[in-house]
Amino acid sequence: MNGAADMGGMHGFGPVVPEPNEPVFHADWEGFSFALNMATGVAKLWNLDAFRFKRESIPPAQYLNLSYYGLWTTTLEQMMLEYGVATPEELAAGHAIPPVKKVPHAVTAAEVANMVRCGSPYDRPAPAPALFKIGTKVRARNMHPKTHTRLPRYARGHTGEVVRIVGCHVFPDSNASNAGEDPHWLYTVRFNGRELWGDDSDPTVRVCIEAWEPYLEAV
Amino acid sequence: MNGGQDLGGTHGHGPVEPEANEPVFHAEWEKRAFALTLAMTAPGGWNIDMGRFARENRPPGEYLSMTYYQIWLAALEHMAKEGGLVSDDEIEAGHSLQPPKPVRRILLPGDVAKVLYRGGPTERDTNTKPIFGVGDRVRAKNINPLTHTRLPRYVRGHVGTIERVIGCHVFPDSNAHGGGENPQWLYTVRFDGPELWGADSDATIKVSVDAWEPYLSPAT
Amino acid sequence: MQLRTRALETILIEKGYIEPAAIDELIETYETKIGPRNGAQAVAKAWVDPKFRQWLFEDGTSAIGSLGFGGRSGNHLVALENTSSVHNMVVCTLCSCYPWAVLGLPPLWYKSAPYRSRTVADPRSVLRDFGMELPKDTEIRVWDSTAELRYLVVPMRPTGTEGWSEDKLAELVTRDSMIGTGQPKQPKDLG
């Protein structure tokens, strides 16, 4: 969707402000928000793409005024409601109200180290040969789905070059709507800065994105 | 600029919510913010393009969460301060602290109707000729200025047809930043919906924008 | 906001940059004098008078000028003709440009993100927010007011209004029908 998260190329946000000696979390609740989201992922309550879609669906005025972990917590609440993990009454009360639905698996402390090391690979067996080769000129499609996509607005309609064939990966556009993993070939596509930003822009800039095959067409 | 105001084609803002019997202004202060902005253009020596840039030139999160007249007031304060007409400490104090800056003219009550009726025509004489004619296919340039422009993101790079040759008009990209009026030929350019939104989108839609010649190149 | 605005106004008056009476007159003008009645008058005249109709479409600025309307946000007016196969809608995606001279100041929804974002991409869904549905094959022309041209939609004259006076016809012309987010009232709606 063309939501507030699609920030590439936007102006007005001001300077990048690095914080010296920045802590990993700025407050306890942030750490908790982070850990909760990791744990719910392991419990397989929902998939990451669905979570991202929910997060980017936060109305732009709200999205842009929430802190990073504020976005995570807001999204987590909405996912819990949507997936029947919690009721509005429980969220308001701040505790579970029986009966409590069982989840497939709750991650234990002992499992955390392994969970962090293994992660969650997204590569899948290929359903068909890759369409594009390294060096192929491709154009990013001019698509504007209202649902989840990982093709940013700034790339759409522009022509770049395949510089890597990443592999066959879970397709977020499908997975986010729980329509299945629908794996597709994933490529790294490189664009010249001037192709993206105009003839007057910095000619030394190149921008790479990872783009799934359905986002691309041969030129 | 690619700011929070460039909204065409963005998602997630929710439904349009018309208000039944909506008043012209929702609060007394809105009336004042509106009228002060109009009245200050004379002493400020500002033009509408400067005013528009002052409104859009803020963090997108601010732009989208401020109300319409909050943005007007913030822009007015900014322009008045930048023009040396008021200072931060005066705004904090709520009254004048330094002598006024001499201004060339102000809006007199007796002139309001006349000034409103005159409005702000932007057409200018020229001895140049328009490059494009009705029916020509043109491509909107992929420009991304940090400064003021009236070419929305959603048309950039796309091909449309010249529908009307409007005339030679003040060019906002220049006028907003002290570059003078620099009038350019202005056209209405019509785009097919699928050209803008994708081949699968509604083919019954056509979108027109009014675009100055520097925004366009011939489509091959 | 009340305090902030009053503070600024106080300073500007004290410095002599503005005259309070001018402020009051500006407010009064747009609250009471300039409004959609102007546009409705032009549309009603176009419905009964073919020569005015032609003039309105060929040179909107001078046509509305003949009725005493014009000036701010009306110096360059273009009238758009709705037909049985074409429906026009007006938006300003970049800010809130609107034909003040014939419609007064825009409503809040016109200036807000939902309308500005969706009208150019999915006008049918916007019309649905207004309770309006158009036939599937009607061409929808959306006009994004990016320059100083201001657009006025001229809706189709409702049936059953033969012989009506301009004044009575003007009562059917709603503000939304002149933006393109509504249709004129029907005779039965006047009650």
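Treat the numbers as computed from the prediction; the structure is a model and nothing was measured. (Residues numbered from 1 in each chain as written. Chains lettered and ligands numbered in written order. Predicted model: local features only at pLDDT ≥ 70, side-chain atom pairs only at ≥ 80, totals over all residues. Heavy atoms only, no water.)

A.B. asks: Where do I start with the overall build of chain B in this structure?
C.D. replies: A tally of regular secondary structure across chain B gives eight helices and five strands. For chain B, the spread of C-alpha atoms along the principal axes amounts to about 60 × 45 × 35 Å. Every one of the 220 residues in chain B was classed for burial, and the buried ones make up 54%. Considering only residue pairs separated by 6 or more positions, chain B has 63% of its internal contacts joining residues 24 or more positions apart. Here chain B displays about 9,400 Å² of accessible surface, and carbon together with sulfur accounts for 51% of that area. Where the 22 positive side-chain charges of chain B centre and where its 28 negative ones centre are 6 Å apart. (Helix = DSSP H or I, 4+ residues; strand = E, 2+ residues; numbered from the N terminus. Buried < 20%, exposed > 50% of the residue type's maximum accessible area, 1.4 Å probe, protein only. Contact = heavy atoms within 4.5 Å. Areas by Shrake-Rupley, 256 points an atom, 1.4 Å probe, with all protein chains shown as cover. Lys, Arg positive; Asp, Glu negative; His and termini not counted. Charge placed at Lys NZ, Arg CZ, Asp CG, Glu CD.)

A.B. asks: Would you mind showing me how to read the interface of chain B and chain A here?
C.D. replies: Interfaces are often described in size by the accessible area the parts lose on coming together. Of the residues lining the interface, 29 residues belong to chain B; the matching set on chain A comes to 25 residues. Here chain B and chain A share an interface that buries about 2,000 Å² over both sides, 53% of which is from carbon and sulfur atoms. A per-residue breakdown of the area chain B buries against chain A is headed by His11(B), Asn142(B) and Arg153(B), which together make up 32% of the total. Summed over the shared surface of chain B and chain A, the result is zero salt bridges. (Buried area = accessible area lost by both parts, 1.4 Å probe. Salt bridge = Lys/Arg side-chain N within 4 Å of Asp/Glu carboxyl O.)

A.B. asks: Explanation requested: the pairing of strand β2 (residues 86-91) of chain C in the structure shown.
C.D. replies: A regular strand carries its side chains on alternate faces of the sheet. Residues and elements named next belong to chain C. Of all six residues that make up β2, six are buried, and the element is covered over most of its length. Residue alternation in β2 divides its side chains into two sets, Val86, Asn88 and Val90 and His87, Met89 and Val91, and both sets are buried. Pairing geometry for β2 and strand β3 (residues 139-144), over six bridges, is parallel. Bridging from a neighbouring strand, valine 86 pairs with glutamate 139 of β3. (Pairing = 2+ DSSP bridges.)

A.B. asks: What is the right way to look at the pattern of salt bridges in this model?
C.D. replies: Should their charged atoms come close, side chains of opposite charge can pair. Applying the stated criterion across every chain, the model contains 34 salt bridges over all chains. In this structure, the salt-bridge partner of Lys206(B) is Asp192(B), at a minimum N-O distance of 3.3 Å. Within this pair, whereas Lys206(B) is found in strand β4 (residues 205-212), its partner Asp192(B) is found in strand β3 (residues 184-192), the two being separated by 14 residues in sequence. Exposure remark for Lys206(B): the relative accessible area of 17% places this residue in the buried category. For Arg124(C), the salt bridge is made with Asp202(B), and the minimal N-O distance between the two is 3.0 Å. Linking Arg124(C) in helix α9 (residues 123-129) with Asp202(B) in the loop between α8 (193-197) and β4, this pair reaches from one chain into another. Look at the salt bridges and you will find they share partners, linking Glu28(B), Lys31(B), Arg32(B), Glu9(C), Asp24(C) and Glu31(C) into a network.

A.B. asks: Can you walk me through the side chain of Asn47(A) in this structure?
C.D. replies: Residues and elements named next belong to chain A. Mapping asparagine 47 onto the fold places it in the loop between α1 (28-42) and α2 (48-56). You can call asparagine 47 buried: its relative accessible area is 17%. Of note is the side chain of asparagine 47, whose polar atom sits 2.9 Å from the backbone nitrogen of aspartate 49. At 3.4 Å, the side chain of asparagine 47 forms a polar contact with the side chain of asparagine 178. Those residues within four positions of asparagine 47 in sequence are excluded, and the remaining contacts are Asn175, Ala176 and Asn178. (Polar contact = N/O pair within 3.5 Å; in protein donor to acceptor, adjacent residues only side chain to side chain.)

A.B. asks: Help me understand the domain arrangement of chain B, please; the structure alone is not making it clear to me.
C.D. replies: Residues and elements named next belong to chain B. Domains assigned within chain B are domain 1 (28-118) and domain 2 (137-218). With six residues of domain 1 in contact, the opposing surface of domain 2 contributes ten residues. Taken as a group, Asp49, Arg52 and Phe53 account for 66% of the area that domain 1 buries against domain 2, more than any other trio of residues on that side. On the surface where domain 1 and domain 2 come into contact, there are zero salt bridges. Scanning the region where domain 1 abuts domain 2 turns up three residue pairs in polar contact (both at pLDDT 80 or more). For the side of domain 1 that touches domain 2, a count of residues per class yields two nonpolar, one polar and three charged. (Domains from an automatic or database assignment. Nonpolar A, V, L, I, M, F, W, Y, C, P; charged D, E, K, R; others polar.)

A.B. asks: When you look at the environment of Glu30(A) in this model, what are you seeing that I'm missing?
C.D. replies: Residues and elements named next belong to chain A. Along the chain, glutamate 30 turns up in helix α1. Expressed as a C-alpha distance, the spacing of glutamate 30 and tryptophan 72, which sit 42 residues apart in the sequence, is 8.9 Å. Once residues within four sequence positions are removed from consideration, glutamate 30 is found in contact with Phe25, Ser67 and Tyr69.

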